[in-house]
Amino acid sequence: MAGQEIHVVTGAFGYSGKYIAKRLLDTGCEVRTLTNSLNRPHPFGQRIKSYPFHFNNKNKLIETLSGALVLYNTYWVRFNYRTFNHSLAVENTLKLFTAAKEAGVKRIIHVSITNPSESSPLEYFSGKAKLERALIESGLSYAILRPTVLFGQEDILINNIAWCLRKFPVFGVFGDGQYKLQPIYVDDLAELAVAQGQETNNSIINAIGPETFTYRDLVKEIGNLIGKERPIFPIPPFWGYCFGFLIGKLVGDVIITREEIEGLMSNLLYTDSPPAGKIKLTEWIKNNATTLGRQYASELQRRRDIKELY
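Everything in this summary refers to the structure shown in the same document. Just so it is clear, the structure is predicted and the values come from calculations on it, not from any experiment.

### Brief notes about the overall build of the protein chain
Okay, so step 1: Helix and strand counts for the protein chain come out as 11 helices and 13 strands.
Okay, so step 2: Taking 19 Å as the expected radius of gyration for a compact globule of 310 residues, we find that the protein chain reaches 19 Å, a close match to that expectation.
Okay, so step 3: With respect to the three principal axes, the spread of C-alpha positions in the protein chain is 60 × 40 × 40 Å.
Okay, so step 4: With 310 residues in all, the protein chain has 55% of them scored as buried.
Okay, so step 5: Of the contacts made within the protein chain by residues no fewer than 6 positions apart, 78% connect residues no fewer than 24 positions apart.
Okay, so step 6: Per element, the accessible surface of the protein chain, about 14400 Å² overall, is 51% carbon and sulfur.

### Some remarks on the packing of aromatic side chains
Okay, so step 1: With the rule as written, the count across this model stands at 17 aromatic pairs.
Okay, so step 2: Judged by centre distance (6.2 Å) and plane angle (85°), the rings of tryptophan 163 and phenylalanine 168 are edge-to-face.
Okay, so step 3: What makes tryptophan 163 buried here is its relative accessible area of 10%.
Okay, so step 4: Under the relative-accessibility criterion, phenylalanine 168 is labelled partly exposed at 25%.

### Side note on unusual backbone geometry
Okay, so step 1: Positive phi outside glycine occurs at histidine 54, with the angle close to 55°.
Okay, so step 2: For histidine 54, the position within the fold is in the loop between strand 3 (48-51) and helix 2 (58-65).
Okay, so step 3: Under the relative-accessibility criterion, histidine 54 is labelled partly exposed at 25%.
Okay, so step 4: Even without glycine at this site, asparagine 115 takes up a positive phi of about 55°.
Okay, so step 5: The topology assignment puts asparagine 115 in the loop between strand 5 (107-111) and helix 4 (123-137).
Okay, so step 6: A residue is classified by how much of its surface remains accessible, and asparagine 115, at 30% relative accessible area, is partly exposed.

### Observations regarding the nonpolar core
Okay, so step 1: Among the nonpolar cores identified, the biggest contains 66 residues, and Tyr215, Leu218, Ile222 and Ile285 are the most heavily contacted of them.
Okay, so step 2: With sequence-adjacent residues up to four places away left out, isoleucine 285 is seen in contact with Ile158, Ile222, Leu225, Ile226 and Leu292.
Okay, so step 3: Listed in part, the 31 residues of the second largest apolar core include Leu61, Phe79, Phe84 and Ala100.

### Here's the deal with the pairing of strand 1 (residues 6-10)
Okay, so step 1: In terms of residue burial, strand 1 counts as a mostly covered element, since five of its five residues are buried.
Okay, so step 2: Burial along strand 1 is two-sided: Ile6, Val8 and Thr10 facing one way and His7 and Val9 facing the other are all buried.
Okay, so step 3: Here five bridges tie strand 1 to strand 2 (residues 30-34), and the two strands are oriented parallel to one another. Within strand 2, the residue paired with histidine 7 across the bridge is valine 31.
Okay, so step 4: Following the backbone out of strand 1, through helix 1 (residues 16-26) and into the adjacent parallel strand 2, one traces a crossover that is right-handed.

### A few points about the pattern of salt bridges
Okay, so step 1: What the rule picks out here adds up to 15 salt bridges.
Okay, so step 2: Its salt-bridge partner being glutamate 102, residue lysine 58 comes within 2.8 Å of it at the nearest N-O pair. Of this pair, lysine 58 sits in helix 2 while glutamate 102 sits in helix 3 (residues 86-103), and the two are 44 residues apart along the sequence.
Okay, so step 3: Given a relative accessible area of 43%, lysine 58 falls into the partly exposed group.
Okay, so step 4: Judged by relative accessible area, glutamate 102 falls into the partly exposed class, the value being 46%.

Conventions used here
Residues numbered from 1 in each chain as written. Predicted model: local features only at pLDDT ≥ 70, side-chain atom pairs only at ≥ 80, totals over all residues. Heavy atoms only, no water. Helix = DSSP H or I, 4+ residues; strand = E, 2+ residues; numbered from the N terminus. Rg over C-alpha atoms; globule rule 2.2 N^0.38 Å. Buried < 20%, exposed > 50% of the residue type's maximum accessible area, 1.4 Å probe, protein only. Contact = heavy atoms within 4.5 Å. Areas by Shrake-Rupley, 256 points an atom, 1.4 Å probe, with all protein chains shown as cover. Phe/Tyr/Trp six-rings, centres within 6.5 Å; stacked < 30°, edge-to-face > 60°. Core = buried A, V, L, I, M, F, W, Y, C linked by side-chain atoms within 4.5 Å. Pairing = 2+ DSSP bridges. Right-handed = clockwise from strand over helix to strand, strands pointing away. Salt bridge = Lys/Arg side-chain N within 4 Å of Asp/Glu carboxyl O.

Take a look at the structure:
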């Protein structure tokens, strides 16, 4: 349809990007996606035009962004691995921002993380901070969304806590387990992103959910709601990492990293802010208790099997 606004979403066949894309389509926008998984099954049929990222071809990257009003950036990596790492993700995202500006994109909605800091020893948080600064200094209109943990049907963390509770007779938490998390429902994040796409003022929003949990209480709550209450006991972070490493070897995945444990225990997934989401994790788990954690959700498998539904 002539005159449709063009919006570009990175990773529309993945997790948060899929929910953002659906909401944009529902508003009547033309949607494009940049993705590493061009052949991954998705629910959009022919309604979305898909393109590779072209990080190593600036002109093609600019071309795929040309004519777009808003770019929604969800591109990132969770941890360092043989085939991907944080430093490359930072480099690629900077290329994306530069190409967006040269293509005439008017506004960028960027998904970051709570409590980013360029001085952080944790690459996840320092990398996100570098990208925030670059976007702020770009001169483009922007909204930076800072979620903690996302939950939804395609979730990994909450699902795999439930999986462990179903598989093992006890559950160990790192240290005292009193550090906090504020999970947000993935579609609440998408709603916020799309709403910010219609704004013009620059903003930074802590995209947190309506419930705050200590990690220990989160595990306890999940166990209660799925009918798998387990004894919860503290373990030293090093041994917790080792146990996660061994399970990861068995399932062919990276369950948790040292950096993730440190960030969690440093309360970096908590902020004293009003909630931006409406859906409660506890209510969502009640509605999905029979299926949550029945199967292990593998980060690496999703990256390898790019022809499988995310």
